[in-house]
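# Working through the structure, step by step
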Amino acid sequence: MPWLVSSQVDFLSSSPSQRECERTSFSFYCSVRDLLPVWLLEEQRSMETFSWEDGPRGFLPAEALLYAVVHDHQDYASFLLHHFSVSALRAPPCSFCCCSGGAPHLSVAVRYDRLHILALMLEALKDCSERRDFLDGCAGCSHAADAGKGAVQLAVELSRSDCLLLLLSHGAAPAGLEAALQRLSSASELSSCEASELRQAQRCMDFLLLFLPSPPPLCCLQDEPQRWQCLLGNKVFRWLSGLAPPPLLLQALRCLARSGPGQISALPDFLQQHSWQ
């Protein structure tokens, strides 16, 4: 457990071998945190003893990549993805149980808002046959911080609009519309000093609509039509309620959105998504 300080490690460990493993694990964690050079990190990763339960071994590329994401070590993340490709994105085994499924790296990148590293990971998945599983998968281990949540869902819940657009433009399923509506509703009740929260929630909602083929049934819109019409605008509200086709600007922007995330962000203000309302 690399997040434990040395005194805690000594307390929790029972054998000298296990204590040594935990010390070297914490040492590697600190090296990544301090943004040490890639060559030095790779030397530590391959030589130091990390695990004793399944025999002495170095850190797996997937384990090292998680540290690189958390501490935004972009050079190290780029190296790992270039040299190990998709294998660096496979879920490392959990030290607490037998679970090893899921796709934690994308979710961790979203949680820490590591947009550059997220783009590197999505590029590495571009030609992968398991791309869909990575993009839409959830962390399979119950000990993970975001267990059961996919990267898109997490981006919506945390209002990481840039991460969300990046995921969607690389083919992730536009799930989480109801969560986006609830996030938008909650953000609209915040004080004016937290207006940025509302803007980010609105952007997440807009990006989901860009990639949504057709709106699912949404009971909440029927329960409070006036409130949602005010939040969404008349055109979007009527489309999501099944009363009208999607706004013309929305239809025009969909092709542009699928060509790359930078295309939407570069549009002039009068063509941004709020013009749908």
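Residues numbered from 1 in each chain as written. Predicted model: local features only at pLDDT ≥ 70, side-chain atom pairs only at ≥ 80, totals over all residues. Heavy atoms only, no water.

### Re the overall build of the protein
Quick reminder of the rule: Strands are runs of DSSP state E lasting at least 2 residues, helices are runs of H or I lasting at least 4, and numbering of each runs from the N terminus. Partly exposed describes any residue whose relative accessible area lies between the buried limit of under 20% and the exposed limit of over 50%, with all areas from a 1.4 Å probe on protein chains only and scaled to the type maximum. Throughout, a contact is declared for two residues whenever any of their heavy atoms are within 4.5 Å. Only the protein chains shown count as cover for residues, and the accessible areas themselves come from Shrake-Rupley with a 1.4 Å probe.
Within the protein, the regular secondary structure consists of 17 helices and zero strands. Across the 277 residues that make up the protein, the buried fraction comes to 44%. Taking all contacts inside the protein whose residues are at least 6 apart in sequence as the whole, residues at least 24 apart take part in 63%. For the protein, the computed accessible surface area is about 13,800 Å², with 55% contributed by carbon and sulfur atoms.

### Some words on the pattern of salt bridges
Put simply, the rule reads: By convention in these notes, a salt bridge is any Lys or Arg side-chain nitrogen within 4 Å of a carboxyl oxygen on Asp or Glu.
Throughout the structure, instances matching the rule amount to nine salt bridges. Among the salt bridges present, the one from Glu157 reaches Lys149, with a minimum N-O distance of 3.0 Å. On the basis of relative accessible area, Glu157 is assigned to the partly exposed category, the value being 29%. By relative accessible area, Lys149 is classed as partly exposed at 26%. The residue Arg203 makes a salt bridge to Asp162 at a minimum N-O spacing of 3.1 Å. Residue Arg203 is found in helix H12 (residues 195–211), and its partner Asp162 is found in helix H10 (residues 161–169); the two are separated by 41 residues along the sequence.

### Notes on the packing of helix H11 (residues 177–188) against helix H14 (residues 225–232)
Each pair of packed helices can be summarised by the angle the axes make with each other and by the distance between the axes. Note the threshold: A fitted line through C-alpha atoms represents every axis, and for helices the fit uses only the stretch in contact; the resulting angles, taken between N-to-C directions, go from 0 to 180 degrees. Throughout this description, any angle smaller than 35 degrees is read as roughly parallel, any larger than 145 degrees as roughly antiparallel, any in the 65 to 115 degree range as roughly perpendicular, and the remainder as oblique. Amino acids are sorted into nonpolar (Ala, Val, Leu, Ile, Met, Phe, Trp, Tyr, Cys and Pro), charged (Asp, Glu, Lys and Arg) and polar (every other residue, Gly among them).
Remark: H11 packs on H14, axes separated minimally by 11 Å, with the N-to-C direction vectors making an angle of 85°. Here H11 lies roughly perpendicular to H14, going by the angle between them. Here Leu181, Gln182, Leu184, Ser185 and Ser188 of H11 come into contact with H14, specifically with Arg227, Trp228, Leu231 and Leu232. Partitioning the contact of H11 with H14 into residue classes produces five nonpolar, three polar and one charged.

### Some thoughts on unusual backbone geometry
A positive phi angle, near 50°, is found at Ser85, a position not held by glycine. Inspection of the secondary structure puts Ser85 in the loop between helix H5 (74–84) and helix H6 (104–111). Take Ser85: its relative accessible area is 32%, and that puts it in the partly exposed class. The backbone phi angle of Asp113 is positive, close to 55°, even though this residue is not glycine. With respect to the element layout, Asp113 can be found in the loop between H6 and helix H7 (115–124). For Asp113, a relative accessible area of 42% corresponds to the partly exposed category.

### Notes on helix H16 (residues 248–258)
Since one α-helical turn is 3.6 residues long, residues separated by three or four positions face the same way. What counts is decided by this rule: Think of it as the arc spanned by the lines of direction from the helix axis to the C-beta atoms.
Every buried residue of H16 is accounted for by Leu250, Leu253, Arg254 and Ala257. One side of H16 carries all its buried residues, which in axial view fall inside an arc of 125°. Pointing more than 90 degrees away from the buried face of H16 are the exposed residues Leu248, Ala252 and Cys255.

### Details of the side chain of Glu42
Residue placement: Glu42 occurs in helix H3 (residues 38–47). In this structure Glu42 comes out as buried when scored by relative accessible area, which is 13%. The residues contacting Glu42, other than those within four sequence positions of it, are Tyr76, Phe79, Leu80 and Phe84.

### Quick word on the environment of Ser159
Selection rule: Polar contact criterion, stated in full: a pair of N or O atoms within 3.5 Å, where within protein one must be able to donate a hydrogen and the other to accept it, and residues adjacent in sequence count only if both atoms are side-chain atoms.
Relative to the assigned elements, Ser159 resides in the loop between helix H9 (151–157) and H10. Each C-alpha atom, one on Ser159 and one on Leu198, is 9.0 Å from the other, the two residues being 39 residues apart in sequence. Ignoring any residue separated from it by four or fewer positions in sequence, one finds Ser159 in contact with Arg183, Gln200, Ala201 and Cys204. A polar side-chain atom of Ser159 sits 3.2 Å from a polar atom in the side chain of Arg183.

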